[in-house]
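Below, each chain spelled out in residue letters.
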Amino acid sequence: RTTHAGVEALLGASLPLGGSGHRIEPMLSATFNAFSFDSDPTWGNNRLASAPRWFARGELMYRPAASIAIGPTFDVVGERYVDFANTLRVGSHALFGARASWSSARWDVYAEARNLFDRRHVATVLVRDQAAPDAEVLFPGAPRSVYVGAHYRF
């Protein structure tokens, strides 16, 4: 038996800068998780493995015109356990990036740089009942990366 409880929220705004048509558009998506065993005979009330206690993603876009946006992005992931015994924990991490986009009636074009500071971090884990400190259960996240894409509407 397990308990899956939590809160998810998405907050966003589009704030004008004077009467110039320029805008600032902050966005924050946040999750708080309380996932645990519920009086399990083996694991008691331990936290469920792999799920971080909290996670947040956000951006602060500047729009000098309706079709252009540019700004910083971030991802913050809380610590999480690798095993059901809650003996091996992966620490939290924060990643910073930047995104730019342009839109027209038919085209959307974007470029995004992620993990700008090239921070080493654990992206995913392989869950075990009990993980030894030298267990091969941690998988690295992407290093500094750049993505470019386009979308055309017929």
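In what follows, the structure referred to is the one given above.
Now for a quick tour of the structure. (Residues numbered from 1 in each chain as written. Predicted model: local features only at pLDDT ≥ 70, side-chain atom pairs only at ≥ 80, totals over all residues. Heavy atoms only, no water.)

Things to note about the overall build of the protein chain
Argument step 1. Looking only at helices and strands, one finds 0 helices and 12 strands in the protein chain.
Argument step 2. Its C-alpha radius of gyration of 20 Å places the protein chain more than 25% over the 15 Å reference for a compact globule of 154 residues.
Argument step 3. Among the 154 residues that make up the protein chain, the fraction classed as buried is 29%.
Argument step 4. Looking at the protein chain alone, contacts between residues at least 24 apart form 54% of all its contacts between residues at least 6 apart.
Argument step 5. Of the roughly 9,700 Å² that the protein chain leaves accessible, carbon and sulfur atoms contribute 59%.
Argument step 6. Averaging the locations of the 16 positively and 14 negatively charged side chains of the protein chain gives two centres separated by 7 Å. (Helix = DSSP H or I, 4+ residues; strand = E, 2+ residues; numbered from the N terminus. Rg over C-alpha atoms; globule rule 2.2 N^0.38 Å. Buried < 20%, exposed > 50% of the residue type's maximum accessible area, 1.4 Å probe, protein only. Contact = heavy atoms within 4.5 Å. Areas by Shrake-Rupley, 256 points an atom, 1.4 Å probe, with all protein chains shown as cover. Lys, Arg positive; Asp, Glu negative; His and termini not counted. Charge placed at Lys NZ, Arg CZ, Asp CG, Glu CD.)

What to know about the packing of aromatic side chains
Argument step 1. Per the stated rule, a full pass over the model turns up 6 aromatic pairs.
Argument step 2. Summarising the aromatic geometry, the rings of W43 and F84 are spaced 6.2 Å apart at their centres and angled 45° between planes, so their arrangement reads as tilted. Pair noted here: W43 is in the loop between β3 (23-37) and β4 (54-65) and F84 is in the loop between β6 (80-81) and β7 (89-90), with a separation of 41 residues, a long-range link.
Argument step 3. Measuring from centroid to centroid gives 5.2 Å for Y152 and F154, while their planes differ by 85°, and the two rings are edge-to-face.
Argument step 4. With relative accessibility at 35%, the residue Y152 sits in the partly exposed group.
Argument step 5. F154 gets classed as exposed once you look at its relative accessible area, which sits at 88%.
Argument step 6. Counting every residue linked through ring pairs, the aromatic cluster contains F37, W43 and F84.
Argument step 7. Taking NZ or CZ as reference, R114 lies 4.4 Å from the ring centre of Y147, over its face. (Phe/Tyr/Trp six-rings, centres within 6.5 Å; stacked < 30°, edge-to-face > 60°. Lys NZ or Arg CZ within 6 Å of the ring centre and 35° of its normal.)

Points about a nonpolar patch on the surface
Argument step 1. Together, I68, W102, W107, V109, Y152 and F154 line one region of the surface with nonpolar side chains, adding up to about 650 Å² of accessible area.
Argument step 2. With respect to the element layout, F154 can be found in the segment after β12 (145-152). (Patch = residues over 30% accessible without salt bridge, like charges linked within 9 Å, V, L, I, M, F, W, Y side chains within 5 Å. Salt bridge = Lys/Arg side-chain N within 4 Å of Asp/Glu carboxyl O.)

Section: the pattern of salt bridges
Argument step 1. For the structure on display, the rule yields 7 salt bridges.
Argument step 2. In this structure, the salt-bridge partner of D38 is R1, at a minimum N-O distance of 3.6 Å. Here D38, found in the loop between β3 and β4, pairs with R1, found in the segment before β1 (2-12); they are 37 residues apart in sequence, far enough to count as distant.

A short note on the side chain of S145
Argument step 1. With respect to the helices and strands, the residue S145 is situated in strand β12.
Argument step 2. Taking relative accessible area as the criterion, S145 reaches 14% and is therefore assigned buried.
Argument step 3. Of the polar contacts made by the side chain of S145, one reaches the backbone oxygen of P143; its length is 2.6 Å.
Argument step 4. The contact partners of S145, leaving out residues within four places of it in the chain, are E112, A113 and R114. (Polar contact = N/O pair within 3.5 Å; in protein donor to acceptor, adjacent residues only side chain to side chain.)

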